[in-house]
2 protein chains.
Amino acid sequence: MVILEELKKVASHPAADELYELVRRRLPRVSLGTVYRNLELLCESGMVRKLEYGGSQRRYDGDATHHYHLRCVSCGRVEDAPIKPVSEIEESLRKMSDYEIIGHHVEFVGICPECKRKAPRTATQTKRALRKEKKHGTERITN
Amino acid sequence: MVILEELKKVASHPAADELYELVRRRLPRVSLGTVYRNLELLCESGMVRKLEYGGSQRRYDGDATHHYHLRCVSCGRVEDAPIKPVSEIEESLRKMSDYEIIGHHVEFVGICPECKRKAPRTATQTKRALRKEKKHGTERITN
DNA sequence: GAACATATTGGTAATGATTACTATTTCTAA
DNA sequence: TTAGAAATAGTAATCATTACCAATATGTTC
Ligand SMILES: [Mn+2]
Ligand SMILES: [Mn+2]
Ligand SMILES: [Zn+2]
Ligand SMILES: [Zn+2]
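**Some words on the coordination of the manganese ion (ligand 2)**
By definition of the ideal shapes, four donors in a tetrahedron about a metal sit 109.5 degrees apart, and six donors in an octahedron sit 90 or 180 degrees apart. Residue and element names in this part refer to chain B. For the manganese ion (ligand 2), the full set of protein donor atoms is His13 (NE2), Asp61 (OD), His67 (NE2), His69 (NE2) and Asp80 (OD), at a range of 2.0 to 2.2 Å. Donor residues for the manganese ion (ligand 2) sit on one chain with the sequence pattern H-x47-D-x5-H-x1-H-x10-D. Here aspartate 61 falls in the buried class, since its relative accessible area comes to 4%. Given the relative accessible area of 9%, histidine 67 is considered buried.

As structure tokens, then:
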């Protein structure tokens, strides 16, 4: 319950260890293993979504409804993309493929307003950042 | 060169160790580290794409042009989705977000024809497979 | 070609996120 | 209470990826 509550409280799509720190404030004796185990159970029950895009750590999302994400290549922040999913895209693929299509995921990559302000980049710098990000995953943010 | 050639030969989006085995047939003394190192260089030079969707291993794509992917939740196969990318979706997001949008990735999930034939699934079984797949990543395929 | 500087490699160790394991604790229901 | 079941904390194991470095290969200048 506490794990789910804390996950729903934040919009930051935290990784397991970040969520662990949040949960610890309320349950100081909880273990990281318990966080992982229950996140898995919550995913299975459909109350939590596991995000497995770029980076070296999985992120978890307390909002299990279908929506897209937007990741800042500079600071690693992941936000919900403020557009609604286009289900028609699945239909058009069904016409072209023999797969039984179950769903789709979309991740936009970009630079968040804060990072734009802090360090406006040339196109070259942006490409470099993208590479570095792909290489190392992105820094943790303390949002 | 050999690494890039072998990667371009296959349509299976192999993981590093799978590609390592392919390269070894031509360069028996090559090391896995060399494969990783050069894949990184090829990514940086833009000739190879690194796929970081689900599963526990990264996959590599010798086709660096923008395209979508289609993953079978049953066997783990990853194919190119036979539809063209919709760039308009980035435009519509630009209107709604202050991010500087750089690009987007799409992964469809479904069941490939072969798996459908081998083990037709009920909706419940499919959901279960999806969970298991999310949990363990998917089996290696020998395509 | 010899001598040197530079770049790349193979082999192996280190890293780090996730998972597995297990003794102990907590819950449940008679 | 009390026995059995379920969950947990703490720790070990796993395994994909990176880091490291001595050895080898490559290129360059004379
Ligand atoms: Mn979200
Ligand atoms: Mn592809
Ligand atoms: Zn940012
Ligand atoms: Zn399949």
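**Quick look at the packing of helix H2 (residues 16–26) of chain B against helix H3 (residues 32–44) of chain B**
Each pair of packed helices gets described by two things: the angle between the helix axes and the distance between those axes. All names here are of chain B. It is at 9 Å that the axes of H2 and H3 come closest, and there the two elements cross at 110 degrees. The angle between H2 and H3 falls in the class roughly perpendicular. Crossing hand, H2 versus H3: right-handed. Residues Ala16, Asp17, Leu19 and Tyr20 of H2 lie in contact with H3, whose contacting residues are Leu32, Val35, Tyr36 and Leu39. Looking at side-chain class alone, the contact of H2 with H3 contains seven nonpolar, no polar and one charged residues.

**Remarks on the protein's contact with DNA strand C**
In the neighbourhood of DNA strand C, eleven residues make up the surrounding shell, with Tyr36 and Arg58 of chain A together with Arg29, Thr34 and Arg37 of chain B lying closest. At a separation of 2.9 Å, a phosphate oxygen of DNA strand C approaches a polar backbone atom of arginine 29 of chain B. Here a phosphate oxygen of DNA strand C and a side-chain polar atom of arginine 37 of chain B are 2.9 Å apart. For the surface near DNA strand C, the element with the highest residue contribution is H3 of chain B, accounting for three residues.

**Things to note about the protein's contact with DNA strand D**
Lining the immediate surroundings of DNA strand D are eleven residues, of which Arg29, Thr34 and Arg37 of chain A together with Tyr36 and Arg58 of chain B lie closest. Residue valine 30 of chain A places a main-chain N or O atom 3.3 Å away from a phosphate oxygen belonging to DNA strand D. Between a phosphate oxygen of DNA strand D and a side-chain N or O atom of asparagine 38 of chain A, the distance comes to 3.4 Å. Considering every element that reaches the surface near DNA strand D, the biggest residue donor is helix H3 (residues 32–44) of chain A, with three residues. For the surface near DNA strand D, the residue count by class is two nonpolar, five polar and four charged.

**Points about the environment of glutamate 90 of chain A**
With respect to the helices and strands, glutamate 90 of chain A occurs in helix H4 (residues 88–96). The class for glutamate 90 of chain A is buried, based on a relative accessible area of 11%. Remark: the alpha-carbon pair of glutamate 90 of chain A and glycine 110 of chain A, spanning 20 residues in sequence, is separated by 24 Å. With near-sequence residues (within four places) excluded, glutamate 90 of chain A lies in contact with Ile101, Ile102, Gly103 and His104 of chain A together with Phe108 of chain B.

**What about helix H2 (residues 16–26) of chain A?**
Among all positions of H2 of chain A, only Ala16, Glu18, Leu19, Tyr20, Leu22 and Val23 of chain A are buried. Packed against the buried residues of H2 of chain A are helix H1 (2–9), H3 and strand E2 (59–61) of chain A.

Rules used throughout
- Residues numbered from 1 in each chain as written.
- Chains lettered and ligands numbered in written order.
- Predicted model: local features only at pLDDT ≥ 70, side-chain atom pairs only at ≥ 80, totals over all residues.
- Heavy atoms only, no water.
- Donors = N, O, S within 2.8 Å, 3.2 Å for Na, K, Ca; no water.
- Buried < 20%, exposed > 50% of the residue type's maximum accessible area, 1.4 Å probe, protein only.
- Axes fitted to C-alpha atoms, helices over the stretch in contact; angles between N-to-C directions.
- Helix = DSSP H or I, 4+ residues; strand = E, 2+ residues; numbered from the N terminus.
- Parallel < 35°, antiparallel > 145°, perpendicular 65-115°, else oblique.
- Left-handed = near helix turned anticlockwise from the far one by under 90°.
- Contact = heavy atoms within 4.5 Å.
- Nonpolar A, V, L, I, M, F, W, Y, C, P; charged D, E, K, R; others polar.
- Near = heavy atom within 4 Å.
- Polar contact = N/O pair within 3.5 Å; in protein donor to acceptor, adjacent residues only side chain to side chain.

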